[in-house]
There are 2 protein chains.
Amino acid sequence: MSMKRIVRVSLEHPTSAVCVAGVETLVDIYGSVPEGTEMFEVYGTPGVDVYISPSVERGRERADARRWHVDTGLEIIVVMNSPSNDLNDSHVQISYHSSHEPLPLAYAVLYLTCVDIALDCDLNCEGRQNRSFVDKRQWVWGPSGYGAILLVNCDKDDANCYDQDNCDQHVHCLQGEGEPRVTALPPRRDSRLWQVRSFPTPKAGLPAGRLSLACILGRPEDSCEAYRHVLGQNKVSYEVPRFHGDEERFFVEGLSFPDASFTGLVSFHVTLLDDSNEDFSESPIFTDTVVFRVAPWIMTPSTLPPLEVYVVGNNTCFVDAVAELARKAGCKLTICPQNENRNDRWIQDEMELGYVEAPHKTFPVVFDSPRNGELQDFPYKRILGPDFGYVTREPQDSSVSGLDSFGNLEVSPPYPLGRILIGGNLPGSSGRRVTQVVRDFLHAQRVQPPVELFVDWLAVGHVDEFLSFVPAPDGKGFRMLLASPGACFKLFQEKQKWGHGRALLFKGVVGDKQINTVSINQVLSNANLISYNKFVQSCIDWNREVLKRELGLTEQDIIDIPQLFKIERRKAVAFFPDLVNMLVLGKHLGIPKPFGPIINGRCCLEEKVRSLLEPLGLHCTFIDDFTPYHMLHGEVHCGTNVRRQPFSFKWWNMVP
Amino acid sequence: MSMKRIVRVSLEHPTSAVCVAGVETLVDIYGSVPEGTEMFEVYGTPGVDVYISPSVERGRERADARRWHVDTGLEIIVVMNSPSNDLNDSHVQISYHSSHEPLPLAYAVLYLTCVDIALDCDLNCEGRQNRSFVDKRQWVWGPSGYGAILLVNCDKDDANCYDQDNCDQHVHCLQGEGEPRVTALPPRRDSRLWQVRSFPTPKAGLPAGRLSLACILGRPEDSCEAYRHVLGQNKVSYEVPRFHGDEERFFVEGLSFPDASFTGLVSFHVTLLDDSNEDFSESPIFTDTVVFRVAPWIMTPSTLPPLEVYVVGNNTCFVDAVAELARKAGCKLTICPQNENRNDRWIQDEMELGYVEAPHKTFPVVFDSPRNGELQDFPYKRILGPDFGYVTREPQDSSVSGLDSFGNLEVSPPYPLGRILIGGNLPGSSGRRVTQVVRDFLHAQRVQPPVELFVDWLAVGHVDEFLSFVPAPDGKGFRMLLASPGACFKLFQEKQKWGHGRALLFKGVVGDKQINTVSINQVLSNANLISYNKFVQSCIDWNREVLKRELGLTEQDIIDIPQLFKIERRKAVAFFPDLVNMLVLGKHLGIPKPFGPIINGRCCLEEKVRSLLEPLGLHCTFIDDFTPYHMLHGEVHCGTNVRRQPFSFKWWNMVP
């Protein structure tokens, strides 16, 4: 929806005007109508379409169809559809008539030069209604919405560069530098008349002077090397050189993700100015604007199909078990070797794997946590690469707590893209929270609005210590698993009633350190343990109700997984390996081996978990993580990480 | 919509729980059902309502109606509606039955203590659907929306204070400190069990640590002095002291307007914590949240009824003329005396008068421009006061241009609250723009989204140099007036044709400086003037099309007012007093006296303007501003300012 321009004609001299191909020009004749005029006629040379719009109610008609009564309500509209070859090579003539005179009273002539300028880009994303006529200056969410999308060019196409592609001004490859969002600027042969300028304006909310868009310019037939970096970083506007007769094409890349001070919307303008009169200031002929939304970073819940599993390669048994599970699930395994992990085993905590998506391209993006253990360099040095992007947020005041490890950053399954789950404290409490810059970043993505859960009662303080999601063939397509002291006591009480009170936990644990076994009877007579687990249950129940409300879940969507916690310095840690802290690879679950009481030759905790999950078609593999992970307050989930398939649902089809 | 809480009962010991009046508690009995149980019964002591929710499909029933089959799908819901007098003074008893035994197999008892905590505030603004059940955590725009509203307490109730009320921690008057948005916290007599904490959390977008809400606390019967400032500025949370048996009431005030880094939404929480066990961390019992939206600053278009006219009192004739017009329009006149204005006559440029509105209160707010001429202190020292607020935005880098004077800040008439009009340059041009902090502030108010017009071709560069709005009895209820060189040439050509070519402009101008008269013939033979005014016309036409598109106007909504401009250092200034730069007081217009050509004893420009405006029922008064204003590149509008009635339309009923 480009803006019309008004041109006023006079009887004394011919008027000259520039028009833009496809854009309507209003011709105002009422400033100089000869005395006695009753009617007028209008015609244009070939290539010039002239219409009359008789009134607001009636549609337009072709002007050459007939004579028109002079009436200020009539609008004369001129359109040309292809660029001129020479200056003033087309024209429109208006003749003024009286019923008393056979010949016209006077003529007015308007010479026209047509140029072709347009900001073309894909406004109709897949899955949305295809519309030929939308306002490029708007960005509208939802299936009936529209608007252009930019990807943050946060991958690294050139292995020899140190920086990501959005941090430099190199042109690595056209495919990489955003989508070919074409700005066609096909001009005329002889043109000393005007300038074209294009520049992106930040919308309100973006800090002054900071651009979130960069741009390279070239001609369609050029190779990658011939394109030049013309906008971005400190280059806030660009004056297109005098035309040389060819189409110019802009490729546009996003530079930064939506954040607290950036809504994600960026305007991009092209303006045609007349600077032919040296005495006056420039005057505008045409401007076109397109608004881009920078695609959000999207997380993938554990219910999405896995593509690649990451594990730290320091414990052969554990790595072998994970490798076997990955093989069964049919996904790639990537082992981070010891010289790179430097004995930091918490690969779940170091990073979160998500993706960005536009109609023309989708690629995974790793969000590097501000945690910065010994695995610190792994995401940047090993994961970032061609078509694998990178983003991070670190607080300036280094106010990072254990809650900023990304075991404390999960996402629920759909409606429609799930909700981000982070752990924090209670409103008003002075306890730990995820650092502000990470919360701001997560909120600003908008398509998976975060839910803050209560985890400050936990020593480590991660949401993956008490919840997980698994796929299910029925209901909402998934179940939420919650750690449940209540379910564990109930199970143990039943076993005690059936005479298995002496069955022992922790039997068979292999490790350097001696682990004392504990009987069911001992557990059920430990008043402190019982009292503390009632407190833990009340904390998990608090989160249960938050999750039911925020995710729209009912009790039927939740499975209680038996689990006990113990107290360490007023905070909770898992008493036996934390069953919900599992690796979910499609239907294959890698569950921490609980070393529960052996009854009739089988671990009653494993048996209970199987009885709860196998009816959903899930396969349970219990992995011994006792010494390498559990003893250090983590489990299988903490020691692994997974890249998953993106959602089939397109984010632009939701209304956040 | 407060969150349910789960309480688990056991057979071994009675359970104690705290519940909040009116909030449902789920009682989970399935953790310990005696063997052989087929049915159960539940009853509560008086004041305890117990319901059973048999399934998702069926509604709830009163529990005491009958026995219930044990079925994990059943939910037991307990509600108390008034606070307890003593700890554990109510209870619920569950009895477990088998068909084989006449007596119950076992009992479970749940002791209850009810407290009354609620964040009450007006969520249903005037004009919106009244809803008894809305989610206080949401803020929804539009006539079917809901949500609480905060006013920025930016007036100054105490004349002895230097600061505005939102900058200090004094309690000036309860009516002033926001609305009595009651947080009732009526507690029990004996309570050593819990704490209440309340604190506002900034939503994403607010800089960390900066609060946009302050709060004072007291009891309803207390006088103003007994209230204490408990939240705001550096006080981010507040722990309510142990209950003393009375209701506590929070009054909440807004501290800052929406801006680039603040969406205007603020969350306010109250949390009840159980800290009765010293060994464990605190556990949550109840939390309630309300989201406030800070009311935006709203501008009033010239079509709204005037209440008060401001003028600088240095030129008696001009002041007398304005006073007479104000008298006719029935509005107050305030004269800024010379010792306060120090010869700065541009009171339009120094400030813009708008208002803020909530259902409980509306008051005017002056927006002080960053211009800072000699009138600089006037808004803060003379306008700010009880129920008259103040806001300003100044760039840190003092990058203020002439465009930051508020003659360059206007607002159009409705749909529904009009749109803010500011002048700037063309996209991509390096010319002048309104300073970023002012643009950010205006955009962030959201209800009058700004339109940026092209004014950089003007020497002064204010939108009021070429446009104005007047009320009209038909059409959209108003007309837009645009300065028109084309209309002026047409008028002069007609007059020339009728033999008045020698009629003189500028005849009768009184002043120290000699003004040369100019004839119509001289004007129409001045090729430079004609050529320059064609350029001016193209610039105004550009804005005409922007305004038609952005405000949804047609040609029928626009009146062309004859006007010529001349060139001074490549920029435009009015050739004769600028007719559209008028003071609009209802139907009374104070128009700069143009000193146009006198024909048959009457100024033909005045006559033309009358013929265009009087049919709309408007009364034209031409005020001589030639020497005191026009000669200095301003006119009547620049020398006056008006406080107007707020819109009758409530801003929360729109969807921005």
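Everything numeric in this text was worked out from a predicted model, so none of it was measured.

Trainee: What should I look at first to understand the overall build of chain A in this one?
Mentor: Assigned secondary structure in chain A consists of nine helices and 42 strands. Residues counted as buried form 60% of the 656 residues belonging to chain A. Taking contacts inside chain A between residues at least 6 apart in sequence as the whole, the part at least 24 apart equals 72%. Accessible surface for chain A amounts to roughly 25,400 Å². Of this, 48% is attributable to carbon and sulfur atoms.

Trainee: Quick question: what am I supposed to make of the state of the cysteines here?
Mentor: By definition, a disulfide links the sulfur atoms of two cysteine residues through a covalent bond. All names here are of chain B. Within the structure shown, the criterion is met by zero disulfides over all chains. With no disulfide of its own, Cys-336 lies closest to Cys-638 among cysteine sulfurs, the gap being 16 Å. What makes Cys-336 buried here is its relative accessible area of 1%.

Trainee: Explanation requested: the packing of aromatic side chains in the structure shown.
Mentor: On inspection of all chains with the given rule, the structure shows 44 aromatic pairs over all chains. Measuring from ring centre to ring centre gives 5.7 Å for Trp-141 of chain A and Trp-651 of chain A, while their planes differ by 70 degrees; the resulting arrangement is edge-to-face. Here Trp-141 of chain A is found in the loop between strand E11 (118–119) and strand E12 (148–150), whereas its partner Trp-651 of chain A is found in the segment after strand E42 (640–644), with 510 residues between them in sequence. With respect to class, Trp-141 of chain A is no different from Trp-651 of chain A; both count as buried. Pairing Trp-297 of chain B with Phe-367 of chain B gives two aromatic rings, centres 5.1 Å apart and planes at 70 degrees, and the pair type is edge-to-face. Taken as a pair, Trp-297 of chain B in the loop between strand E20 (283–294) and strand E21 (298–299) and Phe-367 of chain B in strand E25 (residues 361–368) lie far apart in primary sequence, 70 residues in all. Assessed through its relative accessible area of 0%, Trp-297 of chain B is described here as buried. Members of the aromatic cluster, connected to one another through ring pairs, are Phe-257, Trp-297, Phe-367, Phe-406 and Phe-441 of chain A. Cation over ring: Arg-60 of chain B sits above Tyr-51 of chain B, and NZ or CZ is 5.6 Å from the ring centre. In this arrangement the basic side chain of Arg-66 of chain B is found over the ring face of Trp-68 of chain B, its NZ or CZ atom lying 3.9 Å from the centre.

Trainee: So what exactly am I meant to see when it comes to the relation of the copies chain B and chain A here?
Mentor: There are two copies of the chain, and a rotation about an axis plus a shift along that axis relates them. Between the two copies, chain B and chain A, the superposition gives an RMSD of 0.1 Å; the rotation angle is 180 degrees and the shift along the axis is 0.0 Å. Here the transformation between the copies is reduced to the relation of a two-fold axis. The rotation axis passes nearest to the C-alpha of Ser-261 of chain B in chain B, at a distance of 2.7 Å. Looking at the interface residues of chain B, 99% of them are also at the interface in chain A, so both copies use one shared face.

Trainee: Explanation requested: the pairing of strand E23 (residues 332–336) of chain A in the structure shown.
Mentor: Regular strands place side chains that alternate from one sheet face to the opposite one. Residues and elements named next belong to chain A. Sheet topology places strand E22 (residues 306–312) next to E23; five bridges connect them, and they run parallel. Residue pairing across strands places Val-312 opposite Cys-336, the latter belonging to E23. After leaving E22, the chain enters helix H1 (residues 316–329) and then returns to the sheet as E23, a path that is right-handed.

Trainee: For this particular structure, what's the right way to read the interface of chain B and chain A?
Mentor: The figure often quoted for interface size is the accessible area lost as the parts come together. Every contact between the two is made by 71 residues of chain B and, on the other side, 71 residues of chain A. Where chain B abuts chain A, roughly 5,800 Å² becomes buried across the two surfaces, and 58% of that area is made up of carbon and sulfur atoms. Taken together, the links from chain B to chain A amount to four salt bridges. Measuring nitrogen to oxygen at the nearest pair gives 2.6 Å for the salt bridge that ties Asp-541 of chain A to Arg-8 of chain B. Applying the counting rule to chain B against chain A returns eight residue pairs in polar contact (both at pLDDT 80 or more). For the side of chain B that touches chain A, the secondary structure elements donating two or more residues are strand E1 (5–8), strand E14 (194–202), strand E19 (265–274), E20, helix H5 (436–445), helix H6 (485–497) and helix H8 (527–551) of chain B. A per-element tally of the side of chain B that touches chain A places H8 of chain B first, with 15 residues. Class assignment for the residues of the side of chain B that touches chain A results in 26 nonpolar, 21 polar and 24 charged.

Trainee: Help me understand the sheet that holds strand E34 (residues 558–562) of chain A, please; the structure alone is not making it clear to me.
Mentor: Think of a sheet as strands paired side by side through backbone hydrogen bonds, with each pair either parallel or antiparallel. Residues and elements named next belong to chain A. With mixed pairing, three strands are arranged side by side in an open sheet as E30-E31-E34. Edge positions in the sheet fall to strand E30 (467–471) and E34, since each has one partner strand and no second. Neighbour to neighbour, the strand axes of the sheet diverge by 30 degrees on average, direction disregarded. Relative to E34, strand E31 (residues 478–484) is paired through five bridges, and the arrangement is parallel. Pairing of Ala-483 across the sheet is with Ile-561, part of E34. Seen against the sheet, helix H8 (residues 527–551) touches E30, E31 and E34 and runs at an angle of roughly 160 degrees to E31. Running over the sheet, helix H9 (residues 604–613) touches E31 and E34 and is turned about 170 degrees from E34.

Trainee: Mind showing me how you'd approach the sheet that holds strand E9 (residues 90–97) of chain A here?
Mentor: All names here are of chain A. Reading across the sheet, the five strands line up as E2-E10-E9-E4-E7 and stay open at both edges, with mixed pairing between neighbours. The strands lining the two open edges of the sheet, one partner per strand, are strand E2 (15–20) and strand E7 (68–69). Where E9 and strand E10 (residues 106–115) come together, seven bridges link them in antiparallel fashion. When the sheet's bridge partners are listed, Gln-93 is paired in E10 with Val-109.

Trainee: How do you make sense of the pattern of salt bridges when you look at a structure like this?
Mentor: Where charged atoms of side chains with opposite charge meet at close range, the side chains can pair. All names here are of chain A. If you walk through the whole model with that rule in mind, you get 66 salt bridges over all chains. The partner of Asp-387 in a salt bridge is Lys-361, and the shortest N-O contact between them spans 3.0 Å. Separated by 26 residues along the polypeptide, Asp-387 in the loop between helix H4 (378–383) and strand E26 (389–392) and Lys-361 in strand E25 (residues 361–368) bring together distant segments of the chain. A residue is classified by how much of its surface remains accessible, and Asp-387, at 36% relative accessible area, is partly exposed. Lys-361 sits in the buried class, given a relative accessible area of 15%. Residues joined by salt bridges that share partners form a network here, namely Arg-544, Glu-545, Lys-548, Glu-555 and Asp-560.

Trainee: Hey, could you run me through the packing of H6 of chain B against helix H9 (residues 604–613) of chain B in this one?
Mentor: The description of two packed helices rests on the angle between their axes and on the distance between the axes. Residues and elements named next belong to chain B. One way to put it is that H6 packs onto H9 with a least axis distance of 11 Å and a crossing angle of 120 degrees. Judged by the angle between their axes, H6 and H9 are oblique. Considering how the two elements wind past one another, H6 and H9 form a crossing that is right-handed. Of the residues in H9, those in contact with Cys-488, Leu-491, Phe-492 and Lys-495 of H6 are Cys-604, Leu-605 and Lys-608. By residue class, the composition of the contact of H6 with H9 is five nonpolar, no polar and two charged.

Trainee: Is there a simple way to think about unusual backbone geometry in this case?
Mentor: What you tend to see is this: most non-glycine residues have negative phi, and most peptide bonds are trans. With a phi angle near 60 degrees, Asp-387 of chain A is a residue other than glycine that sits in the positive phi range. At His-633 of chain B, a residue that is not glycine, the phi angle is positive and equals roughly 70 degrees. Mapping His-633 of chain B onto the fold places it in the loop between strand E41 (619–623) and strand E42 (640–644). Given a relative accessible area of 35%, His-633 of chain B falls into the partly exposed group.

Trainee: What should I look at first to understand the pairing of strand E36 (residues 571–574) of chain A in this one?
Mentor: Residues and elements named next belong to chain A. Strand direction decides the pairing type here: strand E35 (residues 565–568) and E36, joined by four bridges, are antiparallel. Bridge pairing in E36 places Glu-568 opposite Lys-571. Between E35 and E36, which follow one another and run antiparallel, lie two residues, and Arg-569 among them has a positive phi close to 50 degrees.

Trainee: Hey, could you run me through the environment of Leu-112 of chain B in this one?
Mentor: All names here are of chain B. Relative to the helices and strands, Leu-112 is located in strand E10 (residues 106–115). Exposure remark for Leu-112: the relative accessible area of 1% places this residue in the buried category. Each C-alpha atom of the pair Leu-112 and Val-92 lies 7.7 Å from the other, and the pair is 20 residues apart in sequence. The contact partners of Leu-112, leaving out residues within four places of it in the chain, are Ala-17, Cys-19, Val-48, Val-78, Met-80, Ser-84, Asn-88, Asp-89, Ser-90, His-91 and Val-92.

Trainee: Which parts of the structure should I look at to understand the side chain of Ser-405 of chain A?
Mentor: All names here are of chain A. In this fold, Ser-405 is placed in the loop between E26 and strand E27 (409–411). The exposure class of Ser-405 is buried, given its relative accessible area of 7%. Beyond its immediate chain neighbours, meaning those up to four positions away, Ser-405 contacts Asp-349, Arg-371 and His-462.

Trainee: Help me understand the confidence of the model for chain A, please; the structure alone is not making it clear to me.
Mentor: Residue and element names in this part refer to chain A. Per-residue confidence for chain A averages 85 on the pLDDT scale, and 85% of its residues sit at or above 70. pLDDT under 50 marks residues 175–195. Its contacts with residues more than four places away, or in other chains, come to 101 contacts. When the criterion is pLDDT under 50, residues 200–210 qualifies, and its contacts beyond four places in sequence or with other chains add up to 33 contacts.

Calculation notes
- Residues numbered from 1 in each chain as written.
- Chains lettered and ligands numbered in written order.
- Predicted model: local features only at pLDDT ≥ 70, side-chain atom pairs only at ≥ 80, totals over all residues.
- Heavy atoms only, no water.
- Helix = DSSP H or I, 4+ residues; strand = E, 2+ residues; numbered from the N terminus.
- Buried < 20%, exposed > 50% of the residue type's maximum accessible area, 1.4 Å probe, protein only.
- Contact = heavy atoms within 4.5 Å.
- Areas by Shrake-Rupley, 256 points an atom, 1.4 Å probe, with all protein chains shown as cover.
- Disulfide = S-S within 2.5 Å.
- Phe/Tyr/Trp six-rings, centres within 6.5 Å; stacked < 30°, edge-to-face > 60°.
- Lys NZ or Arg CZ within 6 Å of the ring centre and 35° of its normal.
- Least-squares fit on C-alpha atoms with pLDDT ≥ 70 in both.
- Pairing = 2+ DSSP bridges.
- Right-handed = clockwise from strand over helix to strand, strands pointing away.
- Buried area = accessible area lost by both parts, 1.4 Å probe.
- Salt bridge = Lys/Arg side-chain N within 4 Å of Asp/Glu carboxyl O.
- Polar contact = N/O pair within 3.5 Å; in protein donor to acceptor, adjacent residues only side chain to side chain.
- Nonpolar A, V, L, I, M, F, W, Y, C, P; charged D, E, K, R; others polar.
- Axes fitted to C-alpha atoms, helices over the stretch in contact; angles between N-to-C directions.
- Parallel < 35°, antiparallel > 145°, perpendicular 65-115°, else oblique.
- Left-handed = near helix turned anticlockwise from the far one by under 90°.
- pLDDT = per-residue confidence, 0-100.

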